[in-house]
Amino acid sequence: MPSSECSAGTDYASEPEYSADQQALLLGQARASIRHGLTIGESFDPDKSNIDPQLLAPGACFVTLTIGGQLRGCIGTLEPRESLLDAVAYYSYQAAFCDPRFSPLSREEFDSICIEISVLSPMESFEVSDEGELLQKLRPGIDGLWMESGTHRATFLPQVWDKLPDPARFVEQLKLKAGLTKDYWSDQIRWHRYHVFSMEEQQPPKASFI
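In what follows, the accompanying structure is described. (Residues numbered from 1 in each chain as written. Predicted model: local features only at pLDDT ≥ 70, side-chain atom pairs only at ≥ 80, totals over all residues. Heavy atoms only, no water.)

As for the state of the cysteines
Move 1: In this structure the tally under the stated criterion is zero disulfides.
Move 2: Among the cysteines around Cys-61, which has no disulfide bond, Cys-74 carries the closest sulfur, lying 9.9 Å off. (Disulfide = S-S within 2.5 Å.)

Written out as structure tokens, the structure reads:
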């Protein structure tokens, strides 16, 4: 899952919250960005007039696309470098057309994709003495985890716990994703955790491509 580098935050308890109207707007912007990519061939610049100020504040997010429950693209950022509205538009385009694991989304697929947006809380960096302490501190189903060791970096969103509910397996697979061995350990590994506020389309809109 490609991502930008993160900068550790301090207010781990500050979780993002969004109303039903805000969620609908963000999901609509995500779909509009992908539609724009299919018709214009470039990233989408959302209209910011009359937009809730909360959505114009800096925000970090990942956008995940699925078709029939199968992953079709997922890209995002761990660091809030731009407004949440801009981030959603940009990473929706990236997930649809720039995820190196998949070919670019086609017009035929557009009406079949379901979109999920995960808005990240500030990062909490924490130290552990060994892997046993790390496994004890993790909260399955709640914590997203970011690790870095030298040039090796990787993250798992909290949703990954659905497929890897065992903390030991969760950490092993994260290390493999970072290009390390599953039993790798170093005192130089830096660990960070975060929460997400997740919003998703319940089903793809019908005949939505214009």
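Let's talk about the packing of helix 1 (residues 20–40) against helix 3 (residues 84–97)
Angle between the axes and distance between the axes are the two parameters that describe a pair of packed helices.
Move 1: Where helix 1 meets helix 3, the axes come as close as 8 Å, and the angle between the chain directions of the two elements is 45°. Classified by the interaxial angle, the pair formed by helix 1 and helix 3 is oblique. Both helix 1 and helix 3 take part in a crossing whose hand is right-handed. Facing Leu-25, Leu-26, Gln-29, Ala-30, Ser-33, Ile-34, Gly-37 and Leu-38 of helix 1, the residues of helix 3 in contact are Leu-84, Leu-85, Val-88, Ala-89, Ser-92, Tyr-93, Ala-96 and Phe-97.
Move 2: For the contact of helix 1 with helix 3, the per-class residue count stands at 12 nonpolar, four polar and no charged. (Axes fitted to C-alpha atoms, helices over the stretch in contact; angles between N-to-C directions. Helix = DSSP H or I, 4+ residues; strand = E, 2+ residues; numbered from the N terminus. Parallel < 35°, antiparallel > 145°, perpendicular 65-115°, else oblique. Left-handed = near helix turned anticlockwise from the far one by under 90°. Contact = heavy atoms within 4.5 Å. Nonpolar A, V, L, I, M, F, W, Y, C, P; charged D, E, K, R; others polar.)

Details of the sheet that holds strand 1 (residues 61–67)
Move 1: With antiparallel pairing, the four strands of this open sheet are ordered in space as 2-1-3-8. Among the strands making up the open sheet, the edge pair consists of strand 2 (70–76) and strand 8 (196–200). The average angle at which neighbouring strand axes cross in this sheet is 20°, direction not considered.
Move 2: Where helix 1 meets the sheet, its contacts fall on strand 1, strand 3 (113–120) and strand 8, and the angle it forms with strand 3 comes to roughly 125°. (Pairing = 2+ DSSP bridges.)

Quick look at the layout of surface pockets
Move 1: In this structure, the largest pocket occupies an estimated 600 Å³ of space.
Move 2: As for the largest pocket, its lining consists of 20 residues, of which Thr-64, Leu-71, Gln-159, Val-160 and Lys-163 are closest to the centre.
Move 3: If you list the elements that add at least two residues to the lining of the largest pocket, you get strand 1, strand 2 and strand 3.
Move 4: Counting residues per element, the lining of the largest pocket draws most heavily on strand 3, which supplies four residues.
Move 5: Residues belonging to the lining of the largest pocket are distributed by class as follows: eight nonpolar, six polar and six charged. (1 Å grid on protein atoms, 1.4 Å probe; cavity = no way out; pocket = protein on both sides within 12 Å on 5 of 7 lines; lining within 4 Å. Points joined across faces, edges and corners; volume = space filled by probe spheres on them.)

Comments concerning the pairing of strand 6 (residues 152–156)
Move 1: Relative to strand 6, strand 5 (residues 144–149) runs antiparallel, the two being bridged by five bridges. Note on strand 6: the bridge partner recorded for Met-147 is Ala-154.
Move 2: Turn length for the strand 5-strand 6 hairpin, with the two strands adjacent in sequence and antiparallel, is two residues, and the turn residue Gly-150 shows positive phi of about 65°.

A short note on the packing of aromatic side chains
Move 1: If you walk through the whole model with that rule in mind, you get six aromatic pairs.
Move 2: Where Tyr-18 meets Phe-197, the ring centres are 5.4 Å apart and the plane angle is 75°; that geometry is what we call edge-to-face. Residue Tyr-18 is located in the segment before helix 1, and its partner Phe-197 is located in strand 8; the two are separated by 179 residues in the primary sequence. Taken as a pair, Tyr-18 and Phe-197 share a single burial class, namely buried.
Move 3: Consider the rings of Tyr-90 and Tyr-91, whose centres lie 4.8 Å apart with planes at 80°: the pair is edge-to-face.
Move 4: Aromatic rings pair up to connect Phe-156, Trp-161 and Phe-170 into one cluster.
Move 5: Just above the ring of Phe-110 sits the side chain of Arg-31; from NZ or CZ to the centre is 4.9 Å. (Phe/Tyr/Trp six-rings, centres within 6.5 Å; stacked < 30°, edge-to-face > 60°. Buried < 20%, exposed > 50% of the residue type's maximum accessible area, 1.4 Å probe, protein only. Lys NZ or Arg CZ within 6 Å of the ring centre and 35° of its normal.)

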